[in-house]
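Coordinate inspection notes
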Amino acid sequence: EDQVTQSPEALRLQEGESSSLNCSYTVSGLRGLFWYRQDPGKGPEFLFTLYSAGEEKEKERLKATLTKKESFLHITAPKPEDSATYLCAGTGTASKLTFGTGTRLQVTL
Amino acid sequence: DGGITQSPKYLFRKEGQNVTLSCEQNLNHDAMYWYRQDPGQGLRLIYYSQIVNDFQKGDIAEGYSVSREKKESFPLTVTSAQKNPTAFYLCASSSRSGGNTEAFFGQGTRLTVV
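Criteria and thresholds
- Residues numbered from 1 in each chain as written.
- Chains lettered and ligands numbered in written order.
- Predicted model: local features only at pLDDT ≥ 70, side-chain atom pairs only at ≥ 80, totals over all residues.
- Heavy atoms only, no water.
- Pairing = 2+ DSSP bridges.
- Helix = DSSP H or I, 4+ residues; strand = E, 2+ residues; numbered from the N terminus.
- Axes fitted to C-alpha atoms, helices over the stretch in contact; angles between N-to-C directions.

**A few points about the pairing of strand S11 (residues 103-108) of chain A**
Walk down a regular strand and you will see the side chains alternate between the two sheet faces. Residues and elements named next belong to chain A. When strand S2 (residues 10-14) meets S11, the two strands line up parallel, connected through five bridges. Its bridge partner lying in S11, Gln-14 is registered against Thr-108. Examined bridge by bridge, strand S9 (residues 84-91) and S11 share three bridges and lie antiparallel to one another. Bridging across to S11, Ala-84 finds its partner in Leu-105.

The following block contains the structure:
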């Protein structure tokens, strides 16, 4: 059975303090690894898709990377508006998205 | 303006009542999905549809039913057989089935049993 595990559960950063969120996966025949941002009471907002180990994608202060066992979401010099829950999901030969439980990020001034 | 529209945003259900959650997309996507989100748990797949007039059960289909009569629409009915229906329900769509394209989500419906 496919599994996606995210850590830490919650992370509190000061503005400008860079860090990384981890997503460990065991997904049979990985076809795609996805990152989403979710604000309270809203639907997840798509951020990145990664398809193969070694791939990297960037958007503003966020960079996502992928290895054969993990994905990282690096946040550089975060701002308070980056506060949200970040979700990781994988899809493979089962052709359905398996989600992790998310990392709740809080960025303070 | 393309996107996925879920309605209503909030829904209250009495014990023993069936309720239907609406999901409409104008992205011309083939695949549509229903997820349930509970605090401290990841999104769990209820049902998905890869083409009109066809759908498959996800991981937690018991107590739910769906239909896919039109490409744009994928309504979810929460039946009285669902023992713990209070949750946040999310509808999503993707351009292809097969799982290697990103899914886009609606803004969700929060269902509460009263």
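**Considerations on the sheet that holds strand S8 (residues 70-75) of chain A**
All names here are of chain A. Taking strand neighbours across the sheet as the criterion, the five strands line up as S1-S3-S8-S7-S6 in an open arrangement whose pairing is antiparallel. The open sheet has two edge strands with one neighbour each: strand S1 (3-7) and strand S6 (56-59). Averaged over all neighbouring strand pairs, the angle between strand axes comes to 15 degrees, with direction disregarded. Bridge analysis of S6 against strand S7 (residues 62-66) gives four bridges, and the strand direction is antiparallel. Residue Lys-59 lies in a different strand from S7, and its bridge partner there is Leu-62.

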